[in-house]
Amino acid sequence: MIHVENKDLVIPGQILADDEYYSGRGTFKENGKICSSLLGRVSLRNKKIRVIPLKSKYVPKKGDVVIGKIKDVRFSMWDVDINSPYSGILPAFEVFGREKKELNKVYDVGDVLFLRVVDVDEIKKAKLGLKGRGMGKFKGGIIVDIAPTKVPRLIGKKGSMINMIKDKTKCKIVVGQNGLVWVKGNEDMEQLTREIIHLIEAEAHTSGLTNKIKNKLYLAIDGELPPEEVEETEEEFVLEKPKLQNFKEELEQEEKEAEEKAAEEESEESEESEEENEKKEKPDIGEVIEEFKRKNKSKDGLSYGDNSNNSFILNNK
Amino acid sequence: MSDIIRDDGRKFDELRPIKIEAGVLERADGSAYLEVGGNKILVAVYGPRESYIRRLLEPNTGVIRCRYNMAPFSVDDRKRPGPDRRSSEISKITADALRPALMLENYPRSMIDIYIEVIEAEGGTRCAGITAASVALVDAGIPMKDIVVGCAAGKVYDEIVLDLSEKEDKEGQADVPIAMMPRTGEITLLQSDGDLTEEEFAKAIDLAMEGCRKVNEIQKEALMKKYSIE
Amino acid sequence: MEIVPEITRRSIENLVGNDKREDGRALDEYRDISIETNVISKAEGSARVKIGGTQVIVGIKPQLGSPFPDTPDLGVLMTNCEMLPMADPTFEPGPPSEDSIELARVVDRGIRESELVELDKLCVEEGKHVWMLFIDLHIIDNCGNLFDACELAVMAALKTTKLPVATIVDEEVVISEDETFDLPINNELALCTFVKIGDKMVIDPTLSEESVASARLNVGVTKDGHICSMQKGGKEPLTKDDILFAVNLAVTKTKELVEHL
């Protein structure tokens with residue numbers, strides 16, 4: 001016996017099915033009934049019921065790529081805010097190896113970095129590292145924050161959404177699984193991209209979103225609609241974790257950037273370019289991809305408050 | 001008893017007009033606004049988040065902290081701002097009422113803050129606060145077993161009635177506020193003050209539970225309205 | 001205190017340098033403003049004001065009390081502000097913070113110094129009984145520029161405040177149960193808040209603009225163009241030109257703001 005359909009909006013405590021179904025993430029079993037524990041949408045596959053949350057905070061997981069902000073510099077590590085109930089640390093040896101350097105000359109409070117979660121301990125504190133292409137400090141650009149649960153929708157199937165935005169705005173975009181997005185390009189394009197990203201976040205659950213976004217982008221940039229309608233790929237509700245291609249693509253993009261960055265930095269301080277060189281030796285894309293494959297199988301949603309329309313009424317009349 | 005008509009024209013088992021809206025604040029992780037009768041309640045939820053008050057945290061689960069506060073202008077005679085003994089007690093029992101429904105094992109050592117602001121009070125603010133707080137918790141994406149809901153019954157002019165107004169509360173003989181998890185019918189808050197026979201108490205609790213179920217439908221509608229596809 | 005990412009700071013500074021803002025406004029443009037009055041039936045005056053995502057509620061409650069000895073025939077205004085922890089993840093429960101007290105005092109100063117409330121009409125019996133008006137500000141959502149939202153809310157609430165008629169009968173104060181009178185108000189006032197970003201003065205700052213600003217200036221102006229309160233805040237100095245620019249713009253903007261009342 002099942003009481004809901006795929007993609008139905010459900011709320012905590014709502015009875016979803018009897019126990020001939022399997023209780024997946026976002027659900028719990030009680031007295032032979034499977035109930036939702038979250039505000040979210042039902043994902044029904046075979047006989048397994050899950051609830052994908054509309055909102056939830058980011059909880060760090062080993063292998064995730066995140067965008068973090070340095071909030072403190074300590075003797076042998078940086079404290080990093082990763083937009084989560086749990087903070088991250090970036091140990092000095094993840095950056096320098098055994099070399100001794102002054103930490104705040106490399107990354108200082110307020111710097112924003114692209115990082116990888118190397119490990120998560122029993123109290124969920126995340127150990128962060130920079131192994132992976134394009135990881136390190138962002139220079140310029142803007143940070144956009146969205147609900148971490150909306151990250152897969154922003155990327156789209158095989159990166160369709162994010163690539164379209166990148167192509168049209170000529171912005172570089174890096175998406176962290178913790179809901180922070182870095183965008184760099186022309187000043188006006190950065191602001192347009194911010195708007196577009198928030199639009200995707202607000203309308204993640206609606207159908208035909210890719211075309212809608214495409215039209216909006218073309219209108220804003222060219223002043224006219226795109227020449228031909230793109231075929232309507234059924235990609236609504238790609239609420240799961242992005243497929244590995246997205247990240248591979250993301251990393252490839254980052255690779256180019258890292259090279260540019262390295263080139264830039266070589267002409268700047270020698271200290272930083274050393275760091276870049278070190279980075280180039282380390283990346284192991286195969287390992288990263290394997291990691292994602294494994295993680296694709298089990299993954300929790302995450303989030304952040306977003307309330308666009310708030311029109312509560314408070315009038316006596 | 002079923003044909004009595006109360007001061008404000010309600011039947012014995014009738015709630016005051018009630019309205020709930022989810023997600024009304026920008027900054028909070030979750031929020032809700034509730035009006036019932038002359039009560040106006042606003043709730044914000046922050047978290048799960050890090051807390052500097054280490055001693056309150058637990059290694060295996062997230063914890064909640066609740067602050068019930070009345071605006072100085074919410075009552076007839078201006079109330080001095082800040083907590084008093086009454087609001088401290090309500091804060092505590094509200095947290096106790098909500099806690100059984102929360103599933104915070106995935107958020108060890110984290111804190112959820114629930115801020116209940118009574119903008120205007122007209123009897124039954126503690127139940128209204130709990131009802132609104134649950135909606136705000138759901139709105140914040142907090143995992144829960146059920147949506148806790150509060151409602152009171154009481155005795156006014158020797159009749160057991162539902163959802164006492166401020167006037168009935170003042171003139172009445174007893175007030176029994178409860179909170180429950182509607183799916184299982186388990187009770188998470190119970191207070192009683194005044195004079196009741198055993199039989200009257202049983203009647204009051206049945207009536208209050210029935211009231212809770214009605215209010216729960218409005219909680220659900222508020223959430224569905226906020227988040228269903230247009 | 002939230003740490004502002006360096007790249008956010010730079011991007012906002014660059015935008016403002018090019019006369020642009022994150023939300024597409026001009027540097028001298030306010031966000032959408034909405035005002036509702038009489039939102040709380042138990043308060044004698046009340047209002048809810050929104051400027052963009054910022055939301056404040058104010059309630060005004062009168063109480064009979066003794067006048068100050070040096071002004072025996074004048075009523076008393078008391079402004080209090082609670083920056084509720086609900087409004088911002090960095091606001092903490094507890095007694096009003098320095099920021100909250102500054103906010104209340106700056107808002108109060110404009111009302112007081114413009115003398116727009118006719119305090120002499122709040123005297124019930126000289127030297128003995130006057131009306132004290134408690135103006136309580138409740139900050140419920142902080143998306144930047146609380147100052148202007150609070151001043152507008154207080155102004156809107158004062159304009160709609162009704163007080164019970166009090167008379168002296170046999171040396172005792174009798175407060176009428178049904179007879180009220182409108183709080184006598186003879187002017188209108190608004191506060192215009194600017195922050196300095198780079199070398200520009202920006203009106204109605206958002207939260208992120210506030211966080212990267214070097215200094216702040218509040219200018220309280222009546223609708224007939226009299227400057228009646230000012231406050232400079234923030235870590236860095238302002239130039240005289242910055243201040244004169246802000247004052248000049250505030251006089252124009254106030255006329256727009258009081259239109260909402």
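Attention here is on the structure that accompanies the text. Nothing here was measured: the structure is a model prediction, and the numbers come from that model.

Listed by partner, the interface residues are 29 residues for chain B and 29 residues for chain C. Contact with chain C buries area across many residues of chain B, yet R27(B), F73(B) and R78(B) alone supply 33% of it, more than any other trio. Run the count over chain B and chain C and you get three salt bridges. In this structure, E166(B) engages K42(C) in a salt bridge whose closest nitrogen and oxygen atoms are separated by 2.7 Å. The tally of links from chain B across to chain C stands at 16 residue pairs in polar contact (both at pLDDT 80 or more). Of all the secondary-structure elements, those providing two or more residues to the side of chain B that touches chain C are β3 (39-49), β4 (63-70) and β5 (111-120) of chain B. Looking at which element gives the most residues to the side of chain B that touches chain C, the answer is β3(B), with six residues.

Right, let's get into the packing of helix α2 (residues 125-139) of chain B against helix α4 (residues 198-227) of chain B. Residues and elements named next belong to chain B. For the pair α2 and α4, the least separation of the axes is 11 Å and the interaxial angle reads 30°. As judged from the angle between their axes, α2 and α4 are roughly parallel. Crossing of α2 against α4: the hand is right-handed. Across the interface between the two elements, T131, S134, V135, V138 and D139 from α2 touch V215, Q219, L223 and Y227 from α4. When grouped by side-chain class, the residues that make up the contact of α2 with α4 number five nonpolar, three polar and one charged.

All names here are of chain C. Between its terminal C-alpha atoms helix α2 (residues 98-113) stretches 22 Å, which fits the 22 Å expected from 16 residues at 1.5 Å a residue. Contacts made by the buried residues of α2 are with β4 (76-83), β6 (129-141), α3 (146-159), β9 (189-197), β11 (215-222) and β12 (227-233). Just beyond α2, the residue with positive phi is E115, at close to 50°.

A word on the sheet that holds strand β14 (residues 142-145) of chain A. Residues and elements named next belong to chain A. Reading across from one edge, β14-β16-β15 is the order of the three strands in this open sheet, with antiparallel pairing throughout. Strands with a single pairing partner mark the edges of an open sheet, and in this sheet they are β14 and β15 (172-175). For this sheet the average axis-to-axis angle between neighbouring strands, irrespective of direction, equals 20°. Sheet topology places β15 next to strand β16 (residues 180-184); four bridges connect them, and they run antiparallel. Bridge pairing links K172 to K184 in β16. Against the sheet, helix α5 (residues 187-202) engages β14, β15 and β16, with an angle of about 10° to β14.

A few words on the pattern of salt bridges. Applying the stated criterion to the full structure yields 54 salt bridges over all chains. Residues D18(A) and K33(A) are paired through a salt bridge, measuring 3.1 Å at the closest nitrogen-oxygen approach. With D18(A) in strand β2 (residues 15-18) and K33(A) in strand β5 (residues 33-36), this residue pair connects regions lying 15 residues apart in the sequence. Here E256(C) and K253(C) are joined by a salt bridge, their closest N and O atoms 3.2 Å apart. Residue E256(C) and its partner K253(C) are located together in helix α5 (residues 240-259), separated by three residues, close to a single helical turn. Residue class for K253(C) comes out buried when judged on its relative accessible area of 8%. Connected through shared salt-bridge partners, R6(B), D8(B), R10(B), R16(B), E122(B), D163(B) and E168(B) make up one network.

With 61 residues, the main nonpolar core has L103(C), I111(C), V117(C), I139(C), L158(C) and F194(C) as its most contacted residues. Looking at this core, the element that brings in the most residues is α3(C), giving 11 residues. Setting aside residues up to four positions removed in sequence, F194(C) forms contacts with M201(C), V202(C), I203(C), A215(C), R216(C), L217(C), V219(C), A246(C), L249(C) and A250(C). Among the nonpolar cores identified, the runner-up in size contains 52 residues, and A22(B), V43(B), L137(B) and I142(B) belong to it.

The rules we used
Residues numbered from 1 in each chain as written. Chains lettered and ligands numbered in written order. Predicted model: local features only at pLDDT ≥ 70, side-chain atom pairs only at ≥ 80, totals over all residues. Heavy atoms only, no water. Contact = heavy atoms within 4.5 Å. Buried area = accessible area lost by both parts, 1.4 Å probe. Salt bridge = Lys/Arg side-chain N within 4 Å of Asp/Glu carboxyl O. Polar contact = N/O pair within 3.5 Å; in protein donor to acceptor, adjacent residues only side chain to side chain. Helix = DSSP H or I, 4+ residues; strand = E, 2+ residues; numbered from the N terminus. Axes fitted to C-alpha atoms, helices over the stretch in contact; angles between N-to-C directions. Parallel < 35°, antiparallel > 145°, perpendicular 65-115°, else oblique. Left-handed = near helix turned anticlockwise from the far one by under 90°. Nonpolar A, V, L, I, M, F, W, Y, C, P; charged D, E, K, R; others polar. Expected span 1.5 Å × (residues − 1). Pairing = 2+ DSSP bridges. Buried < 20%, exposed > 50% of the residue type's maximum accessible area, 1.4 Å probe, protein only. Core = buried A, V, L, I, M, F, W, Y, C linked by side-chain atoms within 4.5 Å.

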